[in-house]
Amino acid sequence: IKVQTTLTKFNKNPFFEKFNFTLESASDTDIELIKNISTNEFKHGRFFEDAYIDTKISEQRNINWIDDLYKKSNLIVGKKNNKVFAFMAYKITNSDVNFELGGVDSNYSHLAYPFWYRVMMDLKNNGMESINALISANNINVMNLYSHFEFRFSDSFIGYRKFRNK
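The structure reproduced in this document is the subject of the present report. (Residues numbered from 1 in each chain as written. Predicted model: local features only at pLDDT ≥ 70, side-chain atom pairs only at ≥ 80, totals over all residues. Heavy atoms only, no water.)

With respect to the environment of Arg118
Then step 1. Secondary-structure assignment places Arg118 in helix H4 (residues 112–125).
Then step 2. Using a relative accessible area of 18% as the deciding quantity, one classes Arg118 as buried.
Then step 3. Along the backbone, Arg118 and Phe21 are 97 residues apart, and their C-alpha atoms lie at a distance of 9.6 Å.
Then step 4. Apart from residues lying up to four places away in sequence, Arg118 is in contact with Phe16, Glu17, Phe19, Phe21 and Leu23. (Helix = DSSP H or I, 4+ residues; strand = E, 2+ residues; numbered from the N terminus. Buried < 20%, exposed > 50% of the residue type's maximum accessible area, 1.4 Å probe, protein only. Contact = heavy atoms within 4.5 Å.)

Details of helix H2 (residues 31–40)
Then step 1. The complete set of buried residues in H2 reads Ile31, Ile34, Lys35, Ile37, Ser38 and Thr39.
Then step 2. For H2, the secondary structure elements touched by its buried residues are helix H3 (55–72), strand E3 (74–80), strand E4 (83–93) and strand E5 (96–104).

Remarks on the nonpolar core
Then step 1. In this structure, Phe99, Phe115, Trp116, Met120, Leu123, Tyr146 and Phe149 are the most contacted members of the largest nonpolar core, which totals 32 residues.
Then step 2. For this core, the elements supplying multiple residues, two or more each, are E4, E5, H4, strand E6 (130–134) and helix H5 (140–148).
Then step 3. When residues in this core are grouped by element, the largest group, eight residues, is from H4.
Then step 4. With residues near it in sequence (within four places) discarded, Met120 still touches Leu7, Phe10, Phe99, Ile131, Phe149 and Phe151.
Then step 5. Listed in part, the twelve residues of the second largest apolar core include Ala26, Ile31, Phe87 and Ala89. (Core = buried A, V, L, I, M, F, W, Y, C linked by side-chain atoms within 4.5 Å.)

Remarks on the packing of H4 against H5
Then step 1. As a packed pair, H4 and H5 sit with axes 11 Å apart at the nearest point and diverge in direction by 45°. Considering the angle they form, H4 stands oblique to H5. For the pair H4 and H5, the crossing hand works out as right-handed. In this structure, H4 contributes Ala112, Tyr113 and Trp116 to the contact, and H5 contributes Asn141, Asn144, Leu145, Tyr146 and His148.
Then step 2. Classifying every residue of the contact of H4 with H5 gives five nonpolar, three polar and no charged. (Axes fitted to C-alpha atoms, helices over the stretch in contact; angles between N-to-C directions. Parallel < 35°, antiparallel > 145°, perpendicular 65-115°, else oblique. Left-handed = near helix turned anticlockwise from the far one by under 90°. Nonpolar A, V, L, I, M, F, W, Y, C, P; charged D, E, K, R; others polar.)

Things to note about the sheet that holds E6
Then step 1. As summarised here, the arrangement of the seven strands in space is E2-E3-E4-E5-E6-E1-E7, forming an open sheet in which the pairing is mixed. Of all strands in the sheet, those bounded by a partner on one side alone are strand E2 (22–25) and strand E7 (152–153).
Then step 2. Pairing between strand E1 (residues 2–6) and E6: five bridges, direction antiparallel. Looking across to E6, one finds that Thr6 is bridged to Ser130.
Then step 3. Relative to the sheet, H3 contacts E3, E4 and E5, its axis offset from that of E5 by approximately 140°. (Pairing = 2+ DSSP bridges.)

Remarks on the pairing of E4
Then step 1. Where E3 and E4 come together, seven bridges link them in antiparallel fashion. Paired with Ile76 across the strands is Met88, a residue of E4.
Then step 2. Between the end of E3 and the start of E4, which pair antiparallel, lie two residues, with Asn81 showing a positive phi angle near 50°.
Then step 3. Relative to E5, E4 runs antiparallel, the two sharing eight bridges. Paired with Lys91 across the bridge in E5 is Asn98.
Then step 4. Connecting E4 to the next strand, E5, in antiparallel fashion are two residues, including Asn94 with a positive phi near 60°.

A closer look at unusual backbone geometry
Then step 1. Within the chain, Asn81 stands out as a residue other than glycine whose phi angle is a positive 50°.
Then step 2. Residue placement: Asn81 occurs in the loop between E3 and E4.
Then step 3. Not every positive phi belongs to a glycine, and Asn82 is a case in point at roughly 65°.

Structure (structure tokens):
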């Protein structure tokens, strides 16, 4: 499902402001922890939801994707007590942001909403005007997160698999 919002109406939230963690650009030393989150915590997305694709292949896809995102996108991390607990990869075109991939370690799931809030507030404070993303409709937790932040749900897409004869 495609989701989008405008940041002009995004306001400070005193509750989410209380959570103590930092946002930083990802460094070389953070990449393995980001990969761990993207393989251990993710159960949704094109490959994970395809019953004919082995979980190990889905996990390897995310590992490779993180390497690519680190080189070609903005990749930030949330850190609590100097430990990476969340990440967000995104691209900016003019003042529009495309969230490409983000996640939170399940041991820190209580920080998911504050992390997303802080990322969006930081983008707004840096002059960004809108955010869009593609999310899996099967991931109810992520659907609820984007709904909470008043993202508009629009286009839905259906994936398909191509069968090949070897």
